[in-house]
Amino acid sequence: MKPSDTEMEQAGSLLTDGLRSSATGQTFTDAEKRWRERLSSKTLTPARTSSGLELDVVYTPESIRHLDPLADIGLPGEYPFTRGVQPTMYRGRIWTMRQYSGFGTAHESNQRYKWLLEQGQTGISVALDLPTQLGLDSDDPQAVDDVGRVGVAIDTLADMETLFAGIPIDSVSTSFTINSTAAILLAMYLTVAERQGVAPEKITGTIQNDILKEYVARGTWIFPPEPSLRLIVDTIEYCIKHAPRFNSISVAGAHFRDAGATAVQELAFTLADAITYVECCRNRGLEVDKFAPLISFYFYTHNDLFEEVAKYRAGRRLWARLMRERFGARDPRAMMFRFGVVCGGSTLTAQQPQNNIVRVAYQALASVLGGAQSVFTAAWDEAFAIPTEQTAELALRTQQVLAYETGVANVADPLGGSYFIEALTDRIEREALSIIERIDRLGGMVSCIQSGLIQKEIAMEAYRHQQRIEHGEQVVVGVNKFAREEPERQQLQLWELDPAVGDRQRQELARVKAQRDNRAVSAALKNLRDAARSNHSMMPPILEAVRAYASIGEICGVLREEFGTFEEPASI
Amino acid sequence: MESKAVRILVAKPGLDGHDRGAKVVAYALRDAGMEVVYTGLRRTTDEIVKAAIDEDVDVIGLSILSGAHLSLTQKVIEGLKAAGCADEIAVVVGGTIPPRDVESLENIGAAAVFPTGTPLSAIAPKIREIVTARRQQHESR
């Protein structure tokens, strides 16, 4: 039965200004006052969100009186996008299920990707090993212990060709967690696509390409901020022109969070980074409506379910407002806060590790209630090692059950309008904005990173969190409550790296170097050096070098000589 | 008799950039009254051995989350032996260490292993115990 217009008006007034019930004649304000007086005689356990925001025992129309139903909450797919970036949300298309994966050589990872796609994964997320992320070849003495460990080893275009052999690039969206060397990996991916006969304008996917959080939290920086930011703008500029559907930057808060930041800090620091990138692009003369639609975001979803939902809703609203009001964006796509999430990370425990399955499932639920575009659910054994095929499958199935059995995907922003969720969304938006304004006053994110301020705040928060766990103020099931001896942990079947991987990868690199045209490599590297010294884009010579099978170490070697390396500030 | 404060070098060997654990442990050891030096990221094992000798520490605490703990720990211990300091400087290891590798690390010569999930409150007492035992051994020689 459809409500009549009068009923609609009354319902509307109850939510906003009138607060008078037509049934009883009393105002809600009076009723709530009476109720709260009754409450004052009772003992309540104080409660806070994981970010330390104090919580009321219940939320009512009074809690959201100051919010405008249209200007603050609005409709999905419309400014300020509080309720989602698309009007149809998951009824249009289910989120992308993209499990971060990669290890060993390109050959082994290619097998894993094909297997994941066969299991119903809908995108590929490439984990790269540390030497690749740091611009070192697999035969570099510094790289020896890390080849193929936390991701796949990529030295030259040949490895990227193997990685995507038999995987049609035009029908799968690929995300690369790559930062310092993002321009090189992008060049390799574009070249492989070209050789598969796929036009660059058809390619979808993401490179992380977010150096600022590397200085703070993840540690795969190479060059100082200024040339790093220049390389980032080069890739963004290149993608606008040549690969307009490829997200050339994914501003990541996830690593702040996993390093210890609260949900509020995670959101604030991420948007402060994004503001820096927007400013750099504008300084290059790029139009905000042209480049901002290519910006996406990446976050960790941790355990506090409602705070996570509110964080994503607040993020959408705050970003839309910043883009429109601060940067003058006019195209709605330039105001959309599209984001992927990862569930797991530092919330996973080594104790009773199968409890992690439950944690990750709740985190995935929160992500989807928050309107995520892509979700990565970590496997329960990732507190120890890279997942086995079996645990990786369960992690993917966790999302599939959520998507196809629970009904959560049927309605856009199902928690929208909840007094609590709206009040918390508003609170997080205000808290995050005040951190952003403080960073602005301190000269912006780059200077706050160079002084080590952000690093210190995150480390202190991590320490406080650990102390709360050890003092029992923060319960972790199986760790400080309901813990027991676990002799069975010794018997866990964990993934192990094939010890021959490093040698195989070094042999492959030697083979490529022996077969390529070394004059073409030298010429390309010289062009790259010239571009680095000028103010020209470095993308064309990087593409040239990649096509000539120059290695990542050779390409970064030139840039290291020209730009030097970042000096880590003292941060404890 | 009041004993000299324990000095420890908290170090990140290899290419792994995850330093949350290293920093949290550094804070905790400092609060427990130890003198803590932190190397920062991406130190080679040679740099770590040299820093430990220069800083005159009792203990090196390696933090490794990349899976490369066996080879990196071995190199640090070999470096200390080559420098003739293996008796003065103990090596302890923390990070993402699968249960099966704890014993292997001890066999290589790690004085203690603190895998993911070790409470902070367990780390300082264990380190103090190791240092006290070594100092006593030294004096009795």
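Residues numbered from 1 in each chain as written. Chains lettered and ligands numbered in written order. Predicted model: local features only at pLDDT ≥ 70, side-chain atom pairs only at ≥ 80, totals over all residues.

**Q** Can you help me understand the overall build of chain B in this one?
**A** A count of helical and extended segments in chain B gives 5 helices and 5 strands. For chain B, the succession of helices and strands along the chain, N to C, is β-α-β-α-β-α-β-α-β-α. Taking 14 Å as the expected radius of gyration for a compact globule of 141 residues, we find that chain B reaches 14 Å, a close match to that expectation. Overall, chain B is about 40 × 35 × 25 Å in size when its C-alpha atoms are taken along their principal axes. When burial is assessed residue by residue, chain B has 52% of its 141 residues classed as buried. For chain B, long-range pairs separated by at least 24 residues make up 72% of all intrachain contacts whose partners lie at least 6 apart in sequence. (Helix = DSSP H or I, 4+ residues; strand = E, 2+ residues; numbered from the N terminus. Rg over C-alpha atoms; globule rule 2.2 N^0.38 Å. Buried ≥ 20, exposed ≤ 12 C-beta atoms within 10 Å, placed from the backbone. Contact = placed C-beta atoms within 7 Å.)

**Q** For this particular structure, what's the right way to read the overall build of chain A?
**A** Scanning chain A from N- to C-terminus turns up 22 helices and 10 strands. Rg of the C-alpha trace for chain A: 25 Å, near the compact-globule value of 25 Å for 572 residues, within the 12% margin. Considering only C-alpha atoms, chain A reaches an extent of 90 × 60 × 50 Å along its principal axes. Classification of the 572 residues of chain A by burial places 50% in the buried group. Looking at chain A alone, contacts between residues at least 24 apart form 77% of all its contacts between residues at least 6 apart.

**Q** Even after reading the chapter, I still don't get helix α9 (residues 225-242) of chain A, so can you show me in this structure?
**A** Owing to its 3.6 residues per turn, the α-helix aligns residues three or four sequence positions apart on the same side. For α9(A), with 18 residues, the first-to-last C-alpha span of 26 Å sits near the 26 Å given by 1.5 Å per residue. Looking only at α9(A), the buried set comprises A:Ser228, A:Leu229, A:Leu231, A:Ile232, A:Val233, A:Asp234, A:Thr235, A:Ile236, A:Tyr238 and A:Cys239. (Expected span 1.5 Å × (residues − 1).)

**Q** Looking at this structure, I do not really get the pairing of strand β7 (residues 249-252) of chain A. What am I missing?
**A** Side-chain direction in a regular strand flips from residue to residue, so the side chains alternate between the two faces of the sheet. All names here are of chain A. Burial of β7 is two-sided: the residues Ile-249 and Val-251 facing one way and the residues Ser-250 and Ala-252 facing the other way are all buried. Pairing between β7 and strand β8 (residues 295-301): 4 bridges, direction parallel. If you follow Val-251 over to β8, its bridge partner there is Phe-297. (Pairing = 2+ DSSP bridges.)

**Q** When you look at the confidence of the model for chain B in this model, what are you seeing that I'm missing?
**A** Close reading of the predicted structure is inappropriate where its pLDDT is low. Confidence in the prediction of chain B, expressed as mean pLDDT, is 93, and 99% of residues score 70 or more. Interface predicted TM-score (ipTM) for the complex: 0.91; the corresponding pTM is 0.93. (pLDDT = per-residue confidence, 0-100.)

**Q** Please explain the domain arrangement of chain A as it appears in this structure.
**A** Interfaces are often described in size by the accessible area the parts lose on coming together. Residue and element names in this part refer to chain A. The domain architecture assigned to chain A consists of domain 1 (12-66) and domain 2 (70-470). For domain 1 versus domain 2, the separation of C-alpha centres amounts to 37 Å. In this complex, domain 1 contributes 10 residues to the contact, which on the side of domain 2 involves 12 residues. Across the side of domain 1 that touches domain 2, the residue classes break down as 4 nonpolar, 6 polar and no charged. (Domains from an automatic or database assignment. Nonpolar A, V, L, I, M, F, W, Y, C, P; charged D, E, K, R; others polar.)

**Q** Sorry if this is basic, but what is going on with the sheet that holds strand β6 (residues 246-247) of chain A here?
**A** Whenever strands of a sheet pair, they do so through backbone hydrogen bonds, lying parallel or antiparallel. Residues and elements named next belong to chain A. With parallel pairing, the 5 strands of this open sheet are ordered in space as β2-β3-β4-β5-β6. The open sheet has two free edges, formed respectively by β2 (100-101) and β6, since each of these has just one partner strand. Strand direction decides the pairing type here: β2 and strand β3 (residues 123-126), joined by 2 bridges, are parallel. Across the sheet, Ser-101 pairs through a bridge with Val-126, a residue of β3.

**Q** Mind showing me how you'd approach the confidence of the model for chain A here?
**A** Confidence in the prediction for chain A averages 94 pLDDT; 97% of positions are at 70 or higher. Here residues 1-17 of chain A scores under 50 on pLDDT; set against residues more than four positions off or in separate chains, the count is 9 contacts.

**Q** Looking at this structure, how should I read the sheet that holds strand β10 (residues 374-377) of chain A?
**A** All names here are of chain A. Overall, parallel pairing links the 5 strands, which are arranged β1-β10-β9-β8-β7 in an open sheet. Two strands in the sheet have a free side with no partner beyond their single neighbour: β1 (96-97) and β7. Pairing of strand β9 (residues 339-343) with β10 involves 4 bridges; the strand directions are parallel. Paired with Val-342 across the two strands is Phe-376, which belongs to β10. Lying on the sheet, helix α11 (residues 263-283) is in contact with β7 and β8; it crosses β7 at an angle near 145 degrees. (Axes fitted to C-alpha atoms, helices over the stretch in contact; angles between N-to-C directions.)

**Q** What exactly am I supposed to notice about the packing of helix α2 (residues 45-54) of chain B against helix α3 (residues 69-82) of chain B here?
**A** The relative placement of two packed helices is expressed as an angle between their axes plus a distance between the axes. Residue and element names in this part refer to chain B. Two numbers describe how α2 lies on α3: the axes approach to 9 Å, and their chain directions differ by 45 degrees. When the axes of α2 and α3 are compared, the pair comes out oblique. The way α2 lies across α3 gives a crossing that is right-handed. Mapping the contact onto sequence places Thr-45, Asp-46, Ile-48 and Val-49 in α2 and Leu-72, Lys-75, Val-76, Gly-79 and Leu-80 in α3. Here the contact of α2 with α3 is composed, by residue class, of 5 nonpolar, 2 polar and 2 charged. (Parallel < 35°, antiparallel > 145°, perpendicular 65-115°, else oblique. Left-handed = near helix turned anticlockwise from the far one by under 90°.)

**Q** Just to check I follow, could you spell out the packing of α3(B) against helix α4 (residues 99-108) of chain B for this structure?
**A** All names here are of chain B. Between α3 and α4, the shortest axis-to-axis distance is 10 Å and the interhelical angle comes to 15 degrees. By the angle between their axes, α3 is roughly parallel relative to α4. Considering how the two elements wind past one another, α3 and α4 form a crossing that is right-handed. Counting all contacts with α3, which are made through His-69, Leu-70, Thr-73, Gln-74 and Ile-77, the residues of α4 involved are Asp-101, Ser-104, Leu-105 and Ile-108.

**Q** Sorry, what's going on with the environment of A:Phe103 here?
**A** Residue and element names in this part refer to chain A. Along the chain, Phe-103 falls in the loop between β2 and α4 (106-118). Judged by the 23 C-beta atoms lying within 10 Å of it, Phe-103 is buried. For Phe-103 and Gly-148, which are 45 residues apart along the polypeptide, the C-alpha to C-alpha distance reads 5.2 Å. For Phe-103, the contacting residues outside a window of four places in its chain are Glu-108, Ser-109, Gly-148, Gly-151, Val-152, Ile-386 and Leu-497.

**Q** When you look at the pairing of strand β2 (residues 35-38) of chain B in this model, what are you seeing that I'm missing?
**A** Residue and element names in this part refer to chain B. Burial along β2 is one-sided: Val-36 and Tyr-38 are buried, while Glu-35 and Val-37, pointing the other way, are not. Pairing of strand β1 (residues 7-11) with β2, which is carried by 4 bridges, proceeds in the parallel orientation. Residue Ile-8 lies in a different strand from β2, and its bridge partner there is Val-36. Between the parallel elements β1 and β2, the chain passes through helix α1 (residues 20-31) in a crossover that is right-handed. (Right-handed = clockwise from strand over helix to strand, strands pointing away.)

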